[in-house]
Amino acid sequence: MQIVGYADKLSVHPGDNIKFMVSCQKSEYEAELVRLIHGDTNPDGPGYKEKVIKSPIDGTYKGKSQKLRSGSYITIPDDKALHLSGSFTLSAFIYPTTPSWRAQGILTKWSGKNNTGYGLMIDEDGSLSLWLGAKGKVAKASTGVPLRRKFWYYVAASYDAATGKVTLYQIPITIWPQDASRAIVQRDFGKVTIAHNTEPFIMASWSEGQEDGKQNIGGLYNGKIESPAIFSRAISAEEAERLRRGASPKEIGSGLLAHWDFARDFSTGKIVNAAGKSLNGVMINRPCRAMTGHNWSGGEINYKHAPQEYGAIYFHDDDLDDAQWDVAFELKVPANLKSGIYAAKVTTDGGEDYLPFFVRPPKGTATAPALFLVPTNSYLAYANIHVFKTVGLEEMGKLLTGKPWKFEYPTTDADRYMLDNKLNSLYDYHREGSGVSYSSRLRPILNMRPKYVSPLL
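Residues numbered from 1 in each chain as written. Predicted model: local features only at pLDDT ≥ 70, side-chain atom pairs only at ≥ 80, totals over all residues. Heavy atoms only, no water.

### Focus on the overall build of the protein chain
Counting secondary structure elements, the protein chain contains 4 helices and 27 strands. Its C-alpha atoms give the protein chain principal-axis dimensions of roughly 80 × 50 × 45 Å. Within the protein chain, buried positions represent 50% of all 457 residues. Counting only contacts in the protein chain whose residues sit at least 6 apart along the sequence, the fraction spanning at least 24 positions is 67%. (Helix = DSSP H or I, 4+ residues; strand = E, 2+ residues; numbered from the N terminus. Buried < 20%, exposed > 50% of the residue type's maximum accessible area, 1.4 Å probe, protein only. Contact = heavy atoms within 4.5 Å.)

### A look at the pattern of salt bridges
A complete count under the given rule lists 17 salt bridges for this structure. Across the pair Asp179 and Arg148 runs a salt bridge, and its minimum N-O distance is 3.0 Å. On the criterion of sequence distance, the pair formed by Asp179 in the loop between strand S14 (165–172) and strand S15 (183–188) and Arg148 in the loop between strand S12 (137–146) and strand S13 (153–160) is long-range, its members being 31 residues apart. The buried category is assigned to Asp179, whose relative accessible area is 14%. Given the relative accessible area of 27%, Arg148 is considered partly exposed. A salt bridge links Asp321 to Arg286, with the nearest nitrogen and oxygen atoms 3.8 Å apart. Of this pair, Asp321 sits in the loop between strand S24 (312–315) and strand S25 (327–332) while Arg286 sits in the loop between strand S22 (281–284) and strand S23 (288–291), and the two are 35 residues apart along the sequence. Through salt bridges with shared partners, a single ionic network connects Lys64, Lys214 and Asp326. (Salt bridge = Lys/Arg side-chain N within 4 Å of Asp/Glu carboxyl O.)

### Comments concerning a nonpolar patch on the surface
Together, Tyr382, Leu426 and Tyr427 line one region of the surface with nonpolar side chains, adding up to about 280 Å² of accessible area. Mapped onto the fold, Tyr382 is located in the loop between helix H2 (376–381) and helix H3 (393–401). Here Tyr382 falls in the partly exposed class, since its relative accessible area comes to 42%. (Patch = residues over 30% accessible without salt bridge, like charges linked within 9 Å, V, L, I, M, F, W, Y side chains within 5 Å. Areas by Shrake-Rupley, 256 points an atom, 1.4 Å probe, with all protein chains shown as cover.)

### Quick look at helix H1 (residues 237–244)
Buried within H1 are the following residues: Glu239, Ala240, Leu243 and Arg244. Buried residues of H1, viewed axially, fall in a sector of 145°; they line one side. Once H1 finishes, Gly246 follows within two positions and takes phi at roughly 115°, a positive value. (Arc of directions from axis to C-beta.)

### Topic: helix H4 (residues 413–420)
Along H4, the residues classified as buried are Ala414, Asp415, Tyr417, Met418 and Leu419. One or two residues past the end of H4 sits Lys422, with phi positive at roughly 55°.

As C-alpha cells, this is what we get:
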C-alpha cells in the first residue's frame, strides 16, 4: 500500500486528543477529517457516502515510510555488569517450537551489525550454540545435535577463562534411552577477549542496532523460555545437573549475576532480576505470560494456584502489540462535533486510507433518544482476519452451502498488506501452529475500513 495508518484510540469524547500514525511511500500526502455516512460500495445499496468536516488536521504532510517491527522479546538496558570479560555461564530452560527454522537468540548481548558480544543461540541446524564476538572474529561452539521440537530442555553454556574451554549442556527434562538430542560437549576456545558493545541484553532475539530511535532485532525465537540466569563463573557439570533437576540458581553458590523469575508479576510487562536490584527488563510485543513450565504437573490449571508451575514466557516471531510508529498529526476533537463515525482520510498519488474513530457524546450527557453501541471488542477480535488462509473454511463452506469455499492469495492491496506484514487476527496461527492470543488497535487494521469488502461476501 502506498499509504496506511492507524489512530491511537478507537473512541473519543469532544475535547479529547487523538493521535494518528501514518506510513507513506510517497514524498507527501493530504489529510482531512470526514464523517462516514455509508461505507458500503455495493451498487445495490445507497453507495459510499462521506462528508468532509473542516478541521485543524486539514493539510499537506511530508511522507515517511515506517516499519512494522513484529516479534516478541525481552530487553534489559545495557549495564556494565553485563560486560562479561572472564568466566561466565548462561543458563535457562527452553521449549523450542521451530528449532530448525533459522538461527535464533535465546540469551544474548549480541550485536548483529558488527558481530560483537556474546549469546546463547540456536544455530541454523537446530542445535544449541554459544557465540562470542572477539576482535572482529566470531567464535562459535555448537552441540551439533538438533533440539527436538516442542520438548523441554535445560540448556547452558559456560566459558572457563582459565582453560579457554566452553561447555555446552543440552539436556532434555524427560530423558529417554538413546535420546539423540541429549548432548554435553566441550570445545577449546583458547583465550578469548569478548568485544563489548552497548546493545541491550535481549531474550528471544538479538540486537540489530537502532534506527530512528527504535530497536531493530534479528534472530527471533519461537517457543518458551523459563528461569534464565547468568553466572560470573563457569558452573560445573554437577551444578548444571542440579539446576536441571529444579534447584534455584541461588542455591548453586557464588557468582550469580542475574536470575529472572518469570513466575512473578504475571499482570505486568516487567521482568525482575530476583538476584539483585538492577538488570530488570521489559517485554516487547506482549509474549504470553503464565505459561506452563518445564515442571508443570498437570494437577492445577489455574496459574494463580500454582505460580511456580507457570513460570514460562511464550515468544513468537510475529507477535505485535504496538507498531510504535511516529505520530504524523493529532486532533483535539472539536467541542461541537456530533457523535458518530469519523475518519482521518489520508490520500496520496496512487493510494488512500481511512483511519476510523468514534465520537461519543460529551461525558455525562445524552444527545439522542437512542443509544448506538459500537462493538469495538468484536472489531478487535476480527481485526485483520485472514479468511483466505484460515484452516477449515473449505470444509465449513461445504457444510453450509454444499460446495467448498475456495480462497486464493489476496488480490487487494489491503489484504496483501495484512498477509505480507503478518498482521494477525485472533483466528490466525503462529508459525509453529499455536493460536494467536492478542489483538491490538495500535497497528493498521485494514478490514476496519470503509469500502473494504470481505472475501467471504
